[in-house]
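Below, each chain spelled out in residue letters.
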Amino acid sequence: MQVQGVFMRACAAARVPITCISEEDPQHLLRAAELAGASAGKSAPHPNVGCVIAQGIQVVGEGFLYGQGTRSAEIQAVSRAGEFSKGATAYLNLEPEVYHSQAYGSAVHALKEAGLARVVVGLRHPLQHLRGRAIDTLRSSGICVEVGGEELNTEGIFKEALRACQVVNAPLLYRAAYKIPFSILKFAMTLDGKIASSTGHAAWVSSELSRERVFSTRAVSDAVIVGGNTVRRDNPRLTTRHRGHLPVRIVMSRCLRLPENANLWDVSIAQTIVMTQRGVRKDFQTLLASRGVEVVEFDFLTPRAVMEYCYHRGFLSVLWECGGMLSAPAISSGVIHKVMAFVAPKIIGGSAAPSPVGELGMVEMNQALKLSDVTFEQIGPDMLISGYVHPIPNVNQSVSPAVEAATSLLDNLSSSKQPPVISFYKTWDPYGEFSNFFPHAISLSDRNGKVLVWKSVEQYYQAQKFEGVEDPLAEACVRNIKEAEGPEEAAQLGRSLARQRPDLVRPDWESAKVIVMEKALCAKFSSDPELQMLLKSTDGAVLIEASPHDLFWGAGRNGAGQNNLGCLLMKLRSRLLSGPNGSASRSTPLTASLP
Ligand SMILES: NC(=O)C1=CN([C@@H]2O[C@H](COP(=O)(O)OP(=O)(O)OC[C@H]3O[C@@H](n4cnc5c(N)ncnc54)[C@H](OP(=O)(O)O)[C@@H]3O)[C@@H](O)[C@H]2O)C=CC1
Ligand SMILES: Nc1c(N[C@@H]2O[C@H](COP(=O)(O)O)[C@@H](O)[C@H]2O)[nH]c(=O)[nH]c1=O
């Protein structure tokens, strides 16, 4: 094993391709990408990650990332494989991150300790500060690491598997390259190219099975967009009809002549944002706001302006479910990356019946947009034709200046820190430890003095919304949030329960929430000397939670938010720094002085 390690290191240093490739490699890598797909919609905007551990053809362990801040795919796969990891190969669709989770450990450490002989990586990490770090660490510990586009030839037997690795994280790669979310235009049309009858009736063009597929596509999207006519004509719900992730519903309307009562104004099911022209129908804007619908005004309401806004709000992927009048400017302004066309074997006719794409100004057939990587799939009686309008950016070709530019753009997403400002948001970014989603367990006493362990600050915070309310349902809310798999699920549960059952939220929540957060942060930083050191090392810098949509805890878009999380962390930092000798130790009684 040691000799093998020396040999592998020498090969890696000399960049000598190591001929470990076996016939089953592409199959296992494909499976890792398939597993990663199970993360979609659950971990966003975290990359989707899957891991397979195999001894030859035999799979001995598998895992996928359940949500940001939960046990990594690699740790799950290694623990499932147990002793069978020794001498085995791990297949990863994406290079792991190098950070260490106090609750679960580090993916790279788990891979190193498992006694693996090889690691096959489909895609290098697209974030510049993480790119190559795990690969180098694994190689320097003697493990043979083969990477897509480098040791693994993209045109050979790995072509399909490497493609799958790209596709499963396409939203992240597009977002990086184009600075807008990945957008899919989806429509259902008859064989004669109509999306509705000449009266505008469209329920339904496609079959029930096809519509099921649409629901699951919504469930892995951050937002679904329609235009004003579609709201007026269809009164859509734009939900997933399933449990799980619900996208934000966006309506683009310039005139804002929308119905006073519409399914989309019921925000107890999912959030709705109406995007409109500045100053239009202020009375109607007030009515929407009173129903809990967010209204965002634009100087010029265009598909590109809306996508740039969604980018800054942190969205990774958007599903356009509009008609042809809106899809045409969306396509011509370059914001649509992929098309999903459901074709039903029906003919409706009608020269006035709408078609999926309006005027694009093209006059000759050779001007037509040609889709790439087209796939055809029969769904019930319909045919689903999908293809890309712009090819998926390839971050594996690290030598390409365009790709370097793309990856540094991606880094700028969340790590654009100009000293003395330190921005943090996602757990995998620099200073991600400051995020409430960081998987660091905290211990706090409940009302009866019983010490409870919470998996993260977020889990504790969300549960406190329902704490002390004498109702079995509120108690169940606390329990369910505590038992949630990870911070994302806890946040989703806490927010939706509070929206659906405001009567179960403790009456003093608005005034208590800052104290609750402060208590949780004290518990987090007092229990770990490394976290304390990290916080103290930021002395002199302004800490900002760069959440684009949280105007209370975060800085919001354009820094208009209150940044209360950043403020509490800075307050805690001052207390730590003013401790004995300016260095609070593990025993510093941080919580004792709390209100
Ligand atoms: N089969 C299918 O897949 C689908 C069918 N349909 C059907 O299509 C018909 C509606 O189609 P269509 O009117 O094209 O769709 P949309 O309502 O989806 O889009 C048009 C509307 O978008 C709004 N809009 C905002 N900004 C712009 C902009 N920059 N450029 C253009 N429009 C903008 C306007 O709303 P406002 O007027 O409020 O200002 C405009 O009327 C209905 O009959 C519906 O049933 C719709 C979706 C999918
Ligand atoms: N008519 C039509 C579609 N229309 C789209 O679906 C929306 C309705 O969504 P919901 O209210 O959630 O069922 C509608 O407003 C429009 O955007 N979609 C399809 O897959 N097939 C169809 O035949």
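Summarised in this report is the structure supplied together with it. (Residues numbered from 1 in each chain as written. Chains lettered and ligands numbered in written order. Predicted model: local features only at pLDDT ≥ 70, side-chain atom pairs only at ≥ 80, totals over all residues. Heavy atoms only, no water.)

**Some thoughts on the side chain of Ser-435**
On the secondary structure map, Ser-435 appears in the loop between strand E15 (421-424) and strand E16 (442-445). A polar atom in the side chain of Ser-435 sits 2.9 Å from the backbone nitrogen of Phe-437. Once residues within four sequence positions are removed from consideration, Ser-435 is found in contact with Phe-424, Tyr-425, Thr-427 and Lys-524. (Helix = DSSP H or I, 4+ residues; strand = E, 2+ residues; numbered from the N terminus. Polar contact = N/O pair within 3.5 Å; in protein donor to acceptor, adjacent residues only side chain to side chain. Contact = heavy atoms within 4.5 Å.)

**Considerations on the packing of aromatic side chains**
For the structure shown, the criterion picks out eleven aromatic pairs. Ring geometry for Phe-434 and Phe-525: centres 6.1 Å apart, planes at 55°, overall tilted. Placement of the pair is Phe-434 in the loop between E15 and E16 and Phe-525 in helix H17 (residues 509-526), with a sequence separation of 91 residues. Phe-525 carries the same exposure label as Phe-434, and that label is buried. By the ring-pair criterion, three or more aromatic residues cluster together here, those being Tyr-174, Tyr-178, Phe-182 and Tyr-388. Over the ring of Tyr-388 we find Arg-163, and its NZ or CZ is 5.4 Å from the ring centre. Lys-513 extends its terminal NZ or CZ atom over the ring of Phe-552, reaching a point 4.2 Å from the ring centre. (Phe/Tyr/Trp six-rings, centres within 6.5 Å; stacked < 30°, edge-to-face > 60°. Buried < 20%, exposed > 50% of the residue type's maximum accessible area, 1.4 Å probe, protein only. Lys NZ or Arg CZ within 6 Å of the ring centre and 35° of its normal.)

**Considering the site of ligand 2**
Around ligand 2, the structure places 18 residues, and the nearest of them are Lys-186, Val-205, Ser-206, Arg-237 and Arg-241. Within the contact set of ligand 2, an oxygen atom lies 2.9 Å away from a backbone nitrogen or oxygen of Leu-238. Burial of ligand 2 by the protein amounts to 92% of the accessible area it has alone, namely 520 Å². Secondary structure elements with two or more residues in the shell around ligand 2: strand E6 (182-190), helix H8 (208-218) and helix H9 (228-234). No other element matches the three residues that H8 contributes to the shell around ligand 2. A per-class count over the shell around ligand 2 returns eight nonpolar, three polar and seven charged. (Near = heavy atom within 4 Å. Areas by Shrake-Rupley, 256 points an atom, 1.4 Å probe, with all protein chains shown as cover. Nonpolar A, V, L, I, M, F, W, Y, C, P; charged D, E, K, R; others polar.)

**Side note on the pattern of salt bridges**
A complete count under the given rule lists 20 salt bridges for this structure. Here Arg-278 and Glu-297 are joined by a salt bridge, their closest N and O atoms 3.8 Å apart. Taken together, the positions of Arg-278 in the loop between strand E9 (272-277) and helix H10 (282-290) and Glu-297 in strand E10 (residues 294-298) put the pair 19 residues apart, joining distant regions of the chain. Looking at Arg-278, the relative accessible area reads 48%, which means it is partly exposed. The salt bridge involving Glu-467 is made with Arg-447; its shortest N-O contact spans 3.2 Å. (Salt bridge = Lys/Arg side-chain N within 4 Å of Asp/Glu carboxyl O.)

**Topic: the packing of helix H14 (residues 457-464) against H17**
In contact at an axis separation of 10 Å, H14 and H17 are set at 155° when each is read in the N-to-C sense. Between H14 and H17, the interaxial angle falls into the category roughly antiparallel. Regarding H14 and H17, the two cross each other, and that crossing is right-handed. In this structure, H14 contributes Val-457, Tyr-460, Tyr-461 and Gln-464 to the contact, and H17 contributes Trp-509, Lys-513, Val-516, Met-517, Lys-519, Ala-520, Leu-521 and Lys-524. Taken together, the residues of the contact of H14 with H17 sort by class into eight nonpolar, one polar and three charged. (Axes fitted to C-alpha atoms, helices over the stretch in contact; angles between N-to-C directions. Parallel < 35°, antiparallel > 145°, perpendicular 65-115°, else oblique. Left-handed = near helix turned anticlockwise from the far one by under 90°.)

**Quick notes on the site of ligand 1**
The local shell around ligand 1 holds 27 residues, among which Asn-229, Arg-232, Asp-234, Ser-253 and Met-325 are the closest. Take Asn-229: an N or O atom from its side chain is 2.7 Å from an oxygen atom of ligand 1. In isolation ligand 1 has 920 Å² of accessible area, and contact with the protein removes 91% of it. Those elements giving two or more residues to the shell around ligand 1 turn out to be E6, H9 and helix H12 (324-332). No other element matches H9, which puts six residues into the shell around ligand 1. Per-class residue counts for the shell around ligand 1 are 14 nonpolar, eight polar and five charged.

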